[in-house]
Amino acid sequence: NLIDKNFKLDDNLVKYLEYLMAKYGFILLRNQGIINNEKNIKGKYLTGKQQCIFSKNFGTKTLYSTHAVHNEAPNKEIFRLSNDVKHGFNSVGPEWHNDGSFEKNPFGYVVYHIIKAPKEFGNTNFAHLGKAYDKLDNVLKKRLENCASINSNSNVIHPLVHNHPISDRKSLYLHLGMTGAIIEKINNKKKYKSTKFTNEIVPFNLPKYKKNLNELKNIRCWRNKDMNKFFINISNLFDNKDISYSHKWQEGDIIIIDNLAVAHKASKEAHELKSGLRILHRTTIESNNPLKPIKELQLENKLDLNSDCPFEKDSTWINGYVGY
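Note that the structure is predicted; figures quoted are calculated from it, not measured.

## Quick notes on the nonpolar core
Most often, soluble globular proteins have nonpolar side chains that are buried together.
So, point 1. Ranked by size, the top nonpolar core spans 25 residues in total, and within it L144, L172, F230 and F238 carry the most contacts.
So, point 2. Among the secondary structure elements, those contributing two or more residues to this core are helix 3 (129-134), helix 4 (138-144) and helix 5 (224-239).
So, point 3. Broken down by element, this core gets its largest block of residues, six residues, from helix 5.

## Focus: the sheet that holds strand 13 (residues 244-247)
So, point 1. The strand order across the open sheet built from three strands is 13-6-15, with neighbouring strands paired in antiparallel fashion. Looking at which strands have only one partner, the edges of the open sheet turn out to be strand 13 and strand 15 (262-266). Here the strands of the sheet are splayed against their neighbours by 20° on average, with no regard to which way each runs.
So, point 2. Relative to strand 15, strand 6 (residues 124-128) runs antiparallel, the two sharing five bridges. The residue bridging A127 from the neighbouring strand is A263, located in strand 15.

## A few points about the side chain of S152
So, point 1. Structurally, S152 is set in the loop between strand 7 (147-151) and strand 8 (157-159).
So, point 2. In this structure S152 comes out as buried when scored by relative accessible area, which is 1%.
So, point 3. Other than its neighbours up to four places away in sequence, S152 contacts M178, T179, G180, L305, I318, N319, G320, Y321 and V322.

## Some thoughts on the state of the cysteines
By definition, a disulfide is the covalent link that joins the sulfur atoms of two cysteine residues.
So, point 1. Tallied over the full model, the rule gives zero disulfides.
So, point 2. A disulfide-free cysteine, C221 has its sulfur positioned 5.3 Å from the sulfur of C309, the nearest such atom.
So, point 3. By relative accessible area, C221 is classed as buried at 0%.

## Topic: helix 1 (residues 11-24)
So, point 1. Along its 14 residues, helix 1 runs 20 Å from first to last C-alpha, staying within 8% of the 20 Å computed at 1.5 Å per residue.
So, point 2. Considered for burial, the residues of helix 1 that qualify are V14, L17, E18, L20, M21 and A22.
So, point 3. On the buried face of helix 1, the contacting elements are strand 1 (26-29), strand 5 (109-116) and strand 14 (254-258).
So, point 4. For helix 1, the side-chain oxygen to backbone nitrogen distance between the N-cap and N12 is 2.9 Å, and the N-cap itself is D10.

## Re the packing of aromatic side chains
So, point 1. Across all of its chains, the model carries 14 aromatic pairs by this definition.
So, point 2. Relative to Y109, the ring of F58 lies with its centre 6.3 Å away and its plane at 40°, an arrangement referred to as tilted. With F58 in the loop between helix 2 (48-55) and strand 4 (79-82) and Y109 in strand 5, this pair connects stretches of sequence that are 51 residues apart. The residues F58 and Y109 share a single accessibility class, namely buried.
So, point 3. Arranged with centres 6.0 Å apart and planes meeting at 75°, the rings of Y64 and F107 form a pair that is edge-to-face. Placement of Y64 in the loop between helix 2 and strand 4 and of F107 in the loop between strand 4 and strand 5 is noted, with a sequence separation of 43 residues between them.
So, point 4. We classify Y64 as partly exposed; its relative accessible area is 30%.
So, point 5. Owing to a relative accessible area of 0%, F107 belongs among the buried residues under this scheme.

## Side note on helix 5
So, point 1. An ideal rise of 1.5 Å per residue puts 22 Å on 16 residues; helix 5 measures up with 22 Å between its terminal C-alpha atoms.
So, point 2. Every buried residue of helix 5 is accounted for by D226, M227, F230, F231, N233, I234, S235, L237 and F238.

## A closer look at the pairing of strand 4
So, point 1. Burial along strand 4 is two-sided: the face carrying F79 and L81 and the face carrying R80 and S82 are both buried.
So, point 2. Bridge count for strand 4 against strand 16 (residues 279-285) is four bridges, and the pairing is antiparallel. By the bridge assignment, S82 is partnered in strand 16 with I279.

Parameters and conventions
- Residues numbered from 1 in each chain as written.
- Predicted model: local features only at pLDDT ≥ 70, side-chain atom pairs only at ≥ 80, totals over all residues.
- Heavy atoms only, no water.
- Core = buried A, V, L, I, M, F, W, Y, C linked by side-chain atoms within 4.5 Å.
- Buried < 20%, exposed > 50% of the residue type's maximum accessible area, 1.4 Å probe, protein only.
- Helix = DSSP H or I, 4+ residues; strand = E, 2+ residues; numbered from the N terminus.
- Pairing = 2+ DSSP bridges.
- Axes fitted to C-alpha atoms, helices over the stretch in contact; angles between N-to-C directions.
- Contact = heavy atoms within 4.5 Å.
- Disulfide = S-S within 2.5 Å.
- Expected span 1.5 Å × (residues − 1).
- Polar contact = N/O pair within 3.5 Å; in protein donor to acceptor, adjacent residues only side chain to side chain.
- Phe/Tyr/Trp six-rings, centres within 6.5 Å; stacked < 30°, edge-to-face > 60°.

Right, dumping it as C-alpha cells:
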C-alpha cells in the first residue's frame, strides 16, 4: 500500500511515477483503501474525499472537474460512472479518447478508482499514443503533423500529432467521439504519396476555404468519408494488442494515467449490468500545458463549428456529439 494515512506521496516518488507514466502511459495500484460503506456501497476503497486528496499529489496538484455531478457522487470533484444510472452516469466514453479534449489544456493526469468491481466484464482499455504513432508510415507521420482536430463541443483546436511534454515522444492525439472537423495545412509544391490510412484522402482535392483570406488559402477541411475511414483505421490501430491493454478491475484498484501518453475507452460490457454492479470514480488534474497545433492551424478566432461551414461542399462541420 503506497498511500499513507494522510494520502500524501513523497515528492521524489511522485516525480518518478510521473516519469513512468510519461513513458508507459499509466500505473496501477492494487488493494488500496479500507472497508467502507459510502453511499451504501460496501467494499474496500478510498472515500471520495480521500481520492481527491490522493489525486492532488500529481501534476499541478489542482483538481479540475467540468462534468455534471451525479446525485450519488460523494463530492463535486468526483465524476461517478456506473452501469446502473441510479448509481452513476452510464454510456460514457465508448470511443477512444483523452479526457478534457474540450479544453485548450487537456487534463494532465486522471485517477480512476473502482468502487464496485463487476464479477467478469466491464474492462477499461488503454492505448499508448507514442507506440501508435510509431506504427504509422513516415509519409503519414509527416502529413498528420500538419493536421488538427476541432472539438465538436467547444471549438478548441488540437494537433493530431504532438511532442509529449515530459518524454518529448511524438504521440497521436484524437478524440474519436468529439471531433467535429479535421483541418489540414497543405503544401502545393510537395508531391503527394498515398498510405494505407489515407489513400483516398488527397490533400489538394480536399474542400478549400470559401473566402479569399490569404492566411487560409492553404487550409483544407476533411470530408465525412475521409474522416470515417481514418477514424476506423485509427480505432483499429489503438485496438492492436501491441499498443493497448484491457484492464479487468479488482476491488481496491487505482489506475493513474498520463492523459497525453494514453487514450482510453470503456468496453461495451462496462455499460451493461449483466456482470454485476460497476461503479468507477474519476478525478481529473488540471494541466498548465496548452496543446496547440502548428501556428497556421491556430484558428479558433476564425473557425466556429456553431456557424455555417466556411469550407467548400461536403466538408465535415459538426457541432455537438459525433461518436464516430
